[in-house]
Amino acid sequence: MWTWFFQLASPPHFYRMAGSLVPWLLWPALLLILIGSWGGLVLAPADYQQGEGYRIIYVHVPSSYLSMMVYVTMAVAAGIGLIWRIKLAHAVAASCAPVGATFTAAALITGMLWGKPMWGTYWQWEPRLTSELILLFLYFGYMSLRSAFNDLNQSDRASAVLALAGVVNVPIIHFSVVWWAGLHQGPSISKIDAPSIAFEMLWPLLVMILGFTLFFLGVLAMRVRGEVLEREFHARWAQDVLRGANRVEAAG
Amino acid sequence: MNLGLGQLFWVVLQRDLMVAMRRWSDICNPVVFFVLVVSLFPLALSPRAEFLRALAPGVLWIAALLAALLSLNQLFRADIEDGTMEQMLTLPYPLGLVILAKTLAHWLVTGLPVVAVAPMLAITYHLPADAIGVLLLSLLIGTPTLSLLGSIGAALTAGLRQSGVLLALMVGPLMLPVLMLGARATDIALGGDDPTGPLYLLGALLALALSLAPPAAAVAIRISAD
């Protein structure tokens, strides 16, 4: 088991393995997203309160779920990199940030678009939207810290500390936002109270969440490959890979 | 030389306070900035008493947060640049304790003056006396938390040439809970209700920051000093 683990942490091995993994992640992701969209947009019935408008949930919920998932993944990878000094883990953390920020932005935008028909306004200082916005700031802080260093090793470790400080803070931020919003709730927000969501509405959502997760993993694998290649640029195997890629390009 | 941990703390604290006393501008700038930001609002919005009163908790807290962010840049920078930090890294003592002493010294010279002038500014915003008391208390509990959180960011960016905006961008989101709780506690007191809940929560955040921030900043400063 440990040999497998150490092999995984070796860049050339990881590069090859992730490369063969990418199609196995992205094709099922595409399939699941298509099935989920079909189920959510066509098969699921309209909501009796919100009509057709609720269907944005099939993009909104997976995005906001992943926006938090990716942050935790990033922090765990950063922690592993910081403690055991595994360069690959730092590469994973670095690759997570832009993807997570994109999911956060997607969750915010779809939330605002959903807010227009439901609340009558694009933006409401509502706890979930507000904590999503703060999460976006956390991603931006992480990425700008990363880019501020010239030394890669220093950049890796410094940003890892920030990611860990952020992940400790995420629950605190979330609960204080909930507390803060509970104090002065806006006038009659039509809260979406869904104690039991109908099965026809639920299964496309679950399929979409799974599809989005696979999509994230596929994109992550691609990004980490690029990151590893850039970091190991001077290594022999990376040069071999690059020469090989150039040949293919020239042939094509 | 053998120092106990308490003695070490005291020595670092005294040394940092003495260094700060030699440079008055570092002490004055955050307070002056705080006063300036607070005086902008009546000028830009409206000097009506009831309007300012409703605005006061938020404005004073935002100004305190900005003043804290502004002053953080200098927390470790001078020590890294002149090599003092290198010496401190080699001390046979937990680095977190040194960081804690430095952060406390920093709060005493930049945070405490802000807390001290806040009641005066609150009067210009026509805040009633009991709300001023709660404001003072919330700032007294909250601004050390801001300094502690900021110490992590300051340690991470201490080795960089330009770090002002970056530091604010990094640490700002982490400080938001303190801002929300502090401003809301004052707001609740202004409305005539009991603000102990948010004040307790502010205390909890201070305890958490006090125990977690110095070790994190110690790790960060080792990275920066590399």
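What counts and how
Residues numbered from 1 in each chain as written. Chains lettered and ligands numbered in written order. Predicted model: local features only at pLDDT ≥ 70, side-chain atom pairs only at ≥ 80, totals over all residues. Helix = DSSP H or I, 4+ residues; strand = E, 2+ residues; numbered from the N terminus. Buried ≥ 20, exposed ≤ 12 C-beta atoms within 10 Å, placed from the backbone. pLDDT = per-residue confidence, 0-100. Contact = placed C-beta atoms within 7 Å. Nonpolar A, V, L, I, M, F, W, Y, C, P; charged D, E, K, R; others polar. Expected span 1.5 Å × (residues − 1).

(A) Spotlight on the overall build of chain A. For chain A, the count of helices and strands is 8 helices and 0 strands. Counting the 252 residues in chain A, one finds 37% classified as buried.

(B) Region of the structure containing the confidence of the model for chain B. Residues and elements named next belong to chain B. A residue-level look at chain B finds 100% of positions with pLDDT of 70 or above and a mean pLDDT of 91. Taken element by element, the predicted model of chain B shows its lowest mean pLDDT in helix α4 (residues 74-81) (86) and its highest in helix α7 (residues 129-157) (95). Interface confidence for the predicted complex, given as ipTM, is 0.89, next to a pTM of 0.89.

(C) Structural detail: the interface of chain B and chain A. Across the boundary between the two partners, chain B contributes 20 residues, which contact 22 residues of chain A. Elements with a minimum of two residues in the side of chain B that touches chain A: α7, α8 (164-190) and α9 (196-225) of chain B. Broken down by element, the residue count for the side of chain B that touches chain A peaks at 11 residues, all from α8 of chain B. Across the side of chain B that touches chain A, the residue classes break down as 17 nonpolar, 1 polar and 2 charged.

(D) Region of interest: helix α3 (residues 57-84) of chain A. An ideal rise of 1.5 Å per residue puts 40 Å on 28 residues; α3 of chain A measures up with 40 Å between its terminal C-alpha atoms. Looking one or two residues beyond α3 of chain A, the residue adopting positive phi is R85 of chain A, at roughly 55°.

(E) A look at the confidence of the model for chain A. All names here are of chain A. Across chain A, pLDDT averages 86, with 89% of residues at or above 70. Per-element confidence in chain A ranges from a low mean pLDDT of 69 for helix α1 (residues 2-9) to a high of 93 for α3. Ignoring residues within four places in sequence, the model shows residues 185-191, a span with pLDDT below 50, making 6 contacts including any to other chains.

(F) Main features of the environment of Y142 of chain A. Residues and elements named next belong to chain A. Inspection of the secondary structure assignment puts Y142 in helix α5 (residues 127-148). With 85 residues separating them along the chain, Y142 and I57 place their C-alpha atoms 28 Å apart. Excluding its chain neighbours within four sequence positions, the residues that come into contact with Y142 are A97, S159, L162, A163 and G166.

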